[in-house]
Amino acid sequence: MAESKGTILVVDDERQNQTLLSTCLSEVGYSVQTAGDGKQALTLLQGQSFDAVLLDLVMPVMDGFQVLERMKEDDALRHIPVIVVSALDEMESVVRCINMGAMDHVPKPFDPVFLNARIGASVEKKKAHDREALLFAQLQEHYRKLQELEKLRDDLTNMIVHDLRTPLTSLLSGLLTMQDMGEMAENQQETLSISIRGGKTLLGMITDLLDISKMEDGSLHLEYKELPPGEILGSAVGQVAHLAQKRNVTLLTDLATELPTFPGDEDKLVRALVNLAGNAIKFTRPGGTVKMSARIAPRDRLDPEASAVLFSVSDTGEGIPSEYIDRIFEKFGQVESRTAGRKLSTGLGLTFCKLAVEAHGGSIRVETKLGEGSDFSFTIPRERTDIAVGGGKSHATDCPIGG
């Protein structure tokens, strides 16, 4: 038995018309059901699925206009194509039905070829809609499951990271205490120093991840106080100077004169600058330069009436491919370097920078050119802006980080 091309509902109060339409459609492979009035038609439509409706206009109990109106008001029925079956002198009524949402019309007496063409186009449109609706429902379900998995991942990550912080802090305390316990051989001292630096780096990553999670869910509160830009810049420079010296990278500073203070969270902003500078130094070749600066932001970057302090970190590193610029601040971003397959960072530092800056009501941006370097900069308003911290999860993606 051949598969049905679709299911059609014929709605007509005249038995002869029902028979003629049903026979014509059945012969070309459609399954057909009939209804003698509008109420019976709506009962059938609500009880099973149809791919199209052939609708007569003049019927007792409930006419075609009422049936069409009810169908278009019902979310479950509005997408079923309706083809009006009309006499030649009912064109004004046909136009009214088209305006109400009917897809097409077939004149009486009908031509079988014309009827089949109209029905075929309507059924194909309905099946296309059904495919789209099914795909959309599947995407929604997949997205819901993805959200559940992301929440499970984040909860598990936060639990593990939080539990790691205490023993790591104890380990670092022990290593720092060992430095004061007496003389060591040069190789012992070097090994201990490497361990301490590695532990501090790991502790910083843990702190970043915990703060990122708090900013994403809105539970992190900023500790505002009036901050001199020079102190913020100087504190950040002090924390990265050793790394620059070790990598033979020249570290320059540029502090504009007479900069005003501004309200902000000192710890968060210093860490943001340290993250930017650390990335810049790490991915700048030996002999290159990293420049850290602070000045008043140009008015064209802000609202004409606004005022902000602009911090920037520029380098002479290898730059960032243009296709990744829009995604570099996303969490856990990582990409192969264009040279030697080198990985570019973990993606936590820049995510922290973006969320910390936006929590202050500021904005962060990057300008970069392959082979010439990058310039990361962010603005902090000179007037306190209390906004919701976060604004949604940052999803894992592959992206480049650093100079």
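Residues numbered from 1 in each chain as written. Predicted model: local features only at pLDDT ≥ 70, side-chain atom pairs only at ≥ 80, totals over all residues. Heavy atoms only, no water.

K.L.:
An account of the overall build of the protein is requested, with residue identities and associated values reported.
P.N.:
Helix and strand counts for the protein stand at nine helices and 12 strands. By the burial criterion, 42% of the 403 residues in the protein qualify as buried. For the protein, long-range pairs separated by at least 24 residues make up 70% of all intrachain contacts whose partners lie at least 6 apart in sequence. For the protein, the exposed area adds up to about 21,600 Å²; of that, 53% sits on carbon and sulfur atoms. (Helix = DSSP H or I, 4+ residues; strand = E, 2+ residues; numbered from the N terminus. Buried < 20%, exposed > 50% of the residue type's maximum accessible area, 1.4 Å probe, protein only. Contact = heavy atoms within 4.5 Å. Areas by Shrake-Rupley, 256 points an atom, 1.4 Å probe, with all protein chains shown as cover.)

K.L.:
I'd love a proper account of the packing of helix H7 (residues 229-246) against helix H8 (residues 266-282), names of residues and values included.
P.N.:
Where H7 meets H8, the axes come as close as 9 Å, and the angle between the chain directions of the two elements is 35°. The two elements H7 and H8 meet at a crossing, and its hand is right-handed. Listed contacts from H8 to Ile232, Leu233, Ser235, Ala236, Gln239, Val240, Leu243 and Ala244 of H7 are Glu266, Leu269, Val270, Leu273, Val274, Ala277, Gly278 and Ile281. Considered class by class, the residues forming the contact of H7 with H8 number 12 nonpolar, three polar and one charged. (Axes fitted to C-alpha atoms, helices over the stretch in contact; angles between N-to-C directions. Left-handed = near helix turned anticlockwise from the far one by under 90°. Nonpolar A, V, L, I, M, F, W, Y, C, P; charged D, E, K, R; others polar.)

K.L.:
Describe in detail the sheet that holds strand S5 (residues 104-108), supporting the description with residues and values.
P.N.:
Ordered in space as S2-S1-S3-S4-S5, the five strands form an open sheet in which the pairing is parallel. Since the sheet does not close on itself, it has two edges, and those belong to strand S2 (31-35) and S5, each with one partner. Strand after strand, the sheet turns through a mean of 20° between neighbouring axes, direction not considered. Each of strand S1 (7-11), S2 and strand S3 (52-56) is contacted by helix H2 (residues 38-47), which is oriented at about 140° to S2, the strand it contacts most. (Pairing = 2+ DSSP bridges.)

K.L.:
Tell me about unusual backbone geometry, and name the residues and values.
P.N.:
With an omega dihedral of -10°, the bond running from Lys108 to Pro109 counts as a cis peptide bond. Within the secondary structure, Pro109 is located in the loop between S5 and helix H5 (112-178).

K.L.:
Hey, could you go over the sheet that holds strand S12 (residues 373-381) for me, with residue numbers and the actual values?
P.N.:
Strand order in the open sheet made by the five strands is S7-S9-S10-S12-S11, with mixed pairing throughout. The sheet terminates laterally at strand S7 (250-255) and strand S11 (363-369), the two strands that pair on one side only. The average angle at which neighbouring strand axes cross in this sheet is 10°, direction not considered. Sheet analysis places strand S9 (residues 289-296) next to strand S10 (residues 308-315), joined by seven bridges and oriented antiparallel. Bridge pairing in S10 places Ile296 opposite Val309. Running at roughly 175° to S7, H7 makes contact with S7, S9 and S10 of the sheet.

K.L.:
Which residues make up helix H1 (residues 15-27), and what values go with them?
P.N.:
Each α-helix winds once per 3.6 residues, and so residues spaced three or four apart point in a common direction. In a regular helix each residue adds 1.5 Å, so 13 residues correspond to 18 Å; H1 covers 18 Å between its end C-alpha atoms and thus fits that length. Along H1, the residues classified as buried are Asn17, Gln18, Leu21, Ser22, Cys24 and Leu25. Relative to the axis of H1, the buried residues are bounded by an arc of 165° and lie together on one face. Across from the buried face of H1, at angles greater than 90 degrees, the exposed residues are Arg15, Gln16 and Glu27. (Expected span 1.5 Å × (residues − 1). Arc of directions from axis to C-beta.)

K.L.:
I'd like a rundown of the packing of helix H3 (residues 64-73) against helix H4 (residues 91-100), residues and numbers included.
P.N.:
The packing of two helices is summarised by the inter-axis angle and the distance between the axes. Contact geometry for H3 and H4: axes closest at 10 Å, N-to-C directions at 10°. Classified by the angle between their axes, H3 and H4 sit roughly parallel to one another. Taking contact as the criterion, the partners of Phe65, Leu68, Glu69 and Lys72 in H3 are, on H4, Ser93, Arg96, Cys97 and Met100. Of the residues that constitute the contact of H3 with H4, the class distribution is four nonpolar, one polar and three charged. (Parallel < 35°, antiparallel > 145°, perpendicular 65-115°, else oblique.)

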